[in-house]
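Coordinate analysis (summary)
The primary structure of each chain is shown beneath.
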Amino acid sequence: MSLLSRRPVADVVARVLAAGARRATPRALFPEIPRRTTGTTIPTRHGPLPATLYHPPGRPGGAYVNAHGGGFVLGKPDMDDALCRFLAEHTGVVVVNVDYVLAPGHRFPAPCEQLYDAAVWAAEPEREWAGLGVCVGGQSAGGSLAAAAARLALRAGGPDLALQVLHYPPLDLATPARDKPVPPGTRPMLRPWMSEVFDTAYVPDPARRRDPLVSPAWGADVEDLTGIAPAVVITAEQDLLRAEAVTYAARLAEVGALVDHHDVPGVDHGYDQTGASPGLVHAAYSYLAGKVSDAVSA
């Protein structure tokens, strides 16, 4: 066990990384798409949850609750500004971009429970899109939280989610990153030391990382997924996390819940945030927008 797997050390490193991330400027994409936003606060069991609503050009056709990435310890909602604008513009949904709590200040299960509570809020009858489809999705750590929110909805018997979107998600924290298969011919952006910090800050007890809300792709998770929200799983070909997402996609397919698994070729984790060509990102977002549109109109 390295020093980074010890809780006090991981917490310090996580806070240092988070401070640097807060100063980062999100990648500017699709300036032609306007930003129509309002702010709101969603009540959750872990306190008020700030959220930015991205409005479509016309009447809303549903809602998409979005969670950003950042290893559960860093990042901010405006990382996903381009994605949120794109989805609102091209699907007609209201995108609810949430500012969920981060580790180590708030560890598992607080972030995934907050995202589930946001999905419950989005499905309430007083919302302007009431009666229309509600989706939940996220990038990287946000994809893990979306998978957990969908699992919580299954356990609770609601809300009835139209779609869960798992975009290059980490779905097996029970397996150390150093033991995960590296895609052939690649040097993935995610390094084992980064996962040590993120995983320890989010779930300090290694045994608890086996929880299905943390590691739904871990082999010992045998919980029945029948009835879980339909899923779109998007992976990056060169991502260290690709194999676990493929594994979970197969589990979802077994119960008829997999809408599609889409592998973005030639890119690594966080490709849309870290320099993939605007054309490639546009294609990936267009694919996602099509699946969201299909889900909320079904």
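Data block above holds the structure.
Bear in mind that the values here come from a model prediction, so they are computed numbers and not experimental data.

Criteria and cut-off values
Residues numbered from 1 in each chain as written. Predicted model: local features only at pLDDT ≥ 70, side-chain atom pairs only at ≥ 80, totals over all residues. Heavy atoms only, no water. Helix = DSSP H or I, 4+ residues; strand = E, 2+ residues; numbered from the N terminus. Rg over C-alpha atoms; globule rule 2.2 N^0.38 Å. Buried < 20%, exposed > 50% of the residue type's maximum accessible area, 1.4 Å probe, protein only. Contact = heavy atoms within 4.5 Å. Areas by Shrake-Rupley, 256 points an atom, 1.4 Å probe, with all protein chains shown as cover. Lys, Arg positive; Asp, Glu negative; His and termini not counted. Charge placed at Lys NZ, Arg CZ, Asp CG, Glu CD. Expected span 1.5 Å × (residues − 1). Arc of directions from axis to C-beta. Axes fitted to C-alpha atoms, helices over the stretch in contact; angles between N-to-C directions. Left-handed = near helix turned anticlockwise from the far one by under 90°. Nonpolar A, V, L, I, M, F, W, Y, C, P; charged D, E, K, R; others polar. Salt bridge = Lys/Arg side-chain N within 4 Å of Asp/Glu carboxyl O. Pairing = 2+ DSSP bridges.

1. Focus: the overall build of the protein chain
A tally of helices and strands in the protein chain yields seven helices and eight strands. Rg of the C-alpha trace for the protein chain: 18 Å, near the compact-globule value of 19 Å for 298 residues, within the 12% margin. Seen along its three principal axes, the alpha-carbon backbone of the protein chain occupies a region of about 55 × 40 × 40 Å. The buried share of the protein chain, reckoned over its 298 residues, is 55%. Sequence separation of 24 or more characterises 80% of the internal contacts of the protein chain that already satisfy a separation of 6 or more. As presented, the protein chain carries roughly 11,900 Å² of accessible surface, and 55% of it is formed by carbon and sulfur atoms. Of note, the protein chain has its 26 positive side-chain charges centred 7 Å away from the centre of its 31 negative side-chain charges.

2. Here's the deal with helix α1 (residues 7–22)
Residues spaced three or four apart along an α-helix face the same direction, because each turn holds 3.6 residues. Given a rise of 1.5 Å per residue, 16 residues ought to cover 22 Å, and the 22 Å separating the end C-alpha atoms of α1 matches this to within 8%. Among the residues of α1, those classed as buried are Ala10, Asp11, Ala14 and Ala18. Along α1, the residues classed as buried sweep out an arc of 100° about the axis, all on the same side. Across α1 from its buried face, at more than 90 degrees, point the exposed residues Pro8, Val12 and Val16. Contact partners of the buried residues in α1: α5 (192–202).

3. Here's the deal with the packing of helix α3 (residues 110–122) against helix α4 (residues 141–156)
Two elements in contact, α3 and α4, have axes separated by 8 Å at closest approach and are oriented at 65°. Crossing handedness for the pair α3 and α4: right-handed. Facing α3, whose interface residues are Pro111, Cys112, Glu113, Leu115 and Tyr116, α4 presents Leu145, Ala146, Ala148, Ala149, Leu152, Ala153 and Ala156. For the contact of α3 with α4, the class distribution of residues is 11 nonpolar, no polar and one charged.

4. Examining the pattern of salt bridges
Any two side chains of opposite charge can pair, so long as their charged atoms come close to each other. Per the counting criterion, the structure on display carries 13 salt bridges. Across the pair Asp11 and Arg107 runs a salt bridge, and its minimum N-O distance is 2.7 Å. Of this pair, Asp11 sits in helix α1 while Arg107 is found in the loop between β4 (94–98) and α3, placing the two residues 96 residues apart along the sequence. Note on Arg107: relative accessible area 17%, which makes it buried. Arg127 is the partner of Glu124 in a salt bridge, and the nearest nitrogen-oxygen pair spans 2.8 Å. Overall, the relative accessible area of 26% leaves Glu124 in the partly exposed class. Classification of Arg127 as buried rests on a relative accessible area of 16%.

5. Let's talk about the sheet that holds strand β1 (residues 37–42)
Taken in spatial order, the eight strands line up as β1-β2-β4-β3-β5-β6-β7-β8 in an open sheet, and their pairing is mixed. The open sheet has two edge strands with one neighbour each: β1 and β8 (258–264). With direction set aside, neighbouring strand axes in the sheet form an average angle of 20°.

6. Considerations on the environment of Pro104
Positionally, Pro104 belongs in the loop between β4 and α3. Overall, Pro104 belongs to the buried group, its relative accessible area being 10%. Measuring from C-alpha to C-alpha, the distance between Pro104 and Val12 comes to 8.9 Å, with 92 residues separating the pair along the chain.

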